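Observations on the three-dimensional arrangement
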Amino acid sequence: QVQLEESGGGLVQAGGSLRLSCAASGTIFRGNVMGWYRQAPGKQRELVATATSGGSKDYGDSVKGRFTVSRDNAKNTVFLQMNSLRPEDTAVYYCRLHYTWGPNIEYWGQGTQVTVSS
């Protein structure tokens, strides 16, 4: 079993920055992808950014150039540096871990609230 623990959410003014962290614990195999998704009230959950254990990264269109995802593979931790935050970035941010091989197994964190005031 894998557990994901998120931290770093909060309230920030537009134009500000926040850094989210997600630490995975348990039995974790190589070939995994860790990343961030978000869900705003009344909207579907959407991709924010992901990073593979091999170093590949992917970003949602709305955050490109503002957010940066990074990983510490030795600690099974993924980070999300969020700069130039906008009110529309307000959402619950969820950490996810899944594998690029084998059965479709995924794990989700409980989410951390990010609120950007105008």
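Structural notes, computed from the coordinates. (Residues numbered from 1 in each chain as written. Predicted model: local features only at pLDDT ≥ 70, side-chain atom pairs only at ≥ 80, totals over all residues. Heavy atoms only, no water.)

1. A look at the overall build of the protein
Condition: Starting at the N terminus, helices and strands are each numbered in turn, a helix being any DSSP run of H or I of at least four residues and a strand any DSSP run of E of at least two. Partly exposed residues are those whose accessible area sits between 20% and 50% of the maximum for their type, while under 20% is buried and over 50% is exposed, using a 1.4 Å probe and protein chains only. Here, two residues are considered to be in contact whenever any of their heavy atoms come within 4.5 Å of each other. Note on areas: Shrake-Rupley, 1.4 Å probe, and residue coverage restricted to the protein chains presented here. Think of it this way: Lys and Arg go in the positive column, Asp and Glu in the negative one, and His and the chain ends go nowhere. Charge positions are represented by NZ for Lys, CZ for Arg, CG for Asp and CD for Glu.
Check the secondary structure of the protein and you find zero helices and 11 strands. Along the protein, from the amino end to the carboxyl end, the secondary structure elements read β-β-β-β-β-β-β-β-β-β-β. Principal-axis analysis of the C-alpha atoms places the extent of the protein at approximately 45 × 25 × 20 Å. Per-residue burial over the protein gives 42% buried out of 118 residues. The contacts in the protein between residues at least 6 apart in sequence include a share of 53% that link residues at least 24 apart. Within the structure as shown, the protein displays about 6,500 Å² of accessible surface, and the carbon and sulfur contribution to it stands at 45%. Side-chain charges of the protein comprise 12 positive and 9 negative groups, with the mean position of each set lying 4 Å from the other.

2. Things to note about the sheet that holds strand E1 (residues 2-7)
Just so we agree on the cut-off: Strands are treated as partners if at least two bridges between them are detected by DSSP. The axes are straight lines fitted to the C-alpha atoms, using for helices just the contacting stretch, and the angles between their N-to-C directions are given from 0 to 180°.
Ordered by their spatial adjacency, four strands build an open sheet running E1-E3-E8-E7, and the pairing between neighbours is antiparallel. Two strands close off the open sheet at either side, each with one partner strand: E1 and strand E7 (67-72). Averaged over all adjacent pairs, the angle separating strand axes in this sheet is 15°, with direction ignored. When E7 meets strand E8 (residues 77-82), the two strands line up antiparallel, connected through six bridges. The residue of E8 that forms the bridge with Asp72 is Thr77.

3. Observations regarding the side chain of Thr50
Tracing the sequence through the fold places Thr50 in strand E5 (residues 46-52). Ignoring anything within four residues of it in the chain, the contact list for Thr50 reads Val33, Met34, Gly35, Tyr37, Ser56, Lys57, Asp58 and Val69.

4. Some points on the side chain of Thr77
Just so we agree on the cut-off: For this analysis, a polar contact is any N or O atom pair within 3.5 Å, provided that within protein one partner can donate a hydrogen and the other can accept it, and provided that sequence-adjacent residues contribute only side-chain to side-chain pairs.
Within the secondary structure layout, Thr77 lies in strand E8. Given a relative accessible area of 10%, Thr77 falls into the buried group. Looking at Thr77, its side chain comes within polar contact range of the main-chain oxygen of Lys75, at 2.9 Å. Excluding residues within four positions of it along the chain, Thr77 makes contact with Cys22, Ala23, Met34, Ser70, Arg71 and Asp72.

5. Regarding the nonpolar core
Worth spelling out the cut-off: Buried Ala, Val, Leu, Ile, Met, Phe, Trp, Tyr and Cys residues form a nonpolar core when they are joined through side-chain atoms within 4.5 Å.
Residues Leu4, Trp36, Leu80, Met82 and Tyr93 are the most contacted members of the largest nonpolar core, which totals 30 residues. When contributions to this core are tallied by element, the ones reaching two or more residues are E1, strand E3 (18-26), strand E4 (32-39), E5, E7, E8, strand E9 (91-99) and strand E11 (112-117). Here this core gets five residues from one element, more than from any other, and that element is E9. Sequence-distant contacts of Tyr93, that is, excluding residues within four places in its chain, are made with Glu6, Leu20, Trp36, Tyr37, Arg38, Val48, Phe67, Leu80, Met82, Gly111, Thr112 and Val114.

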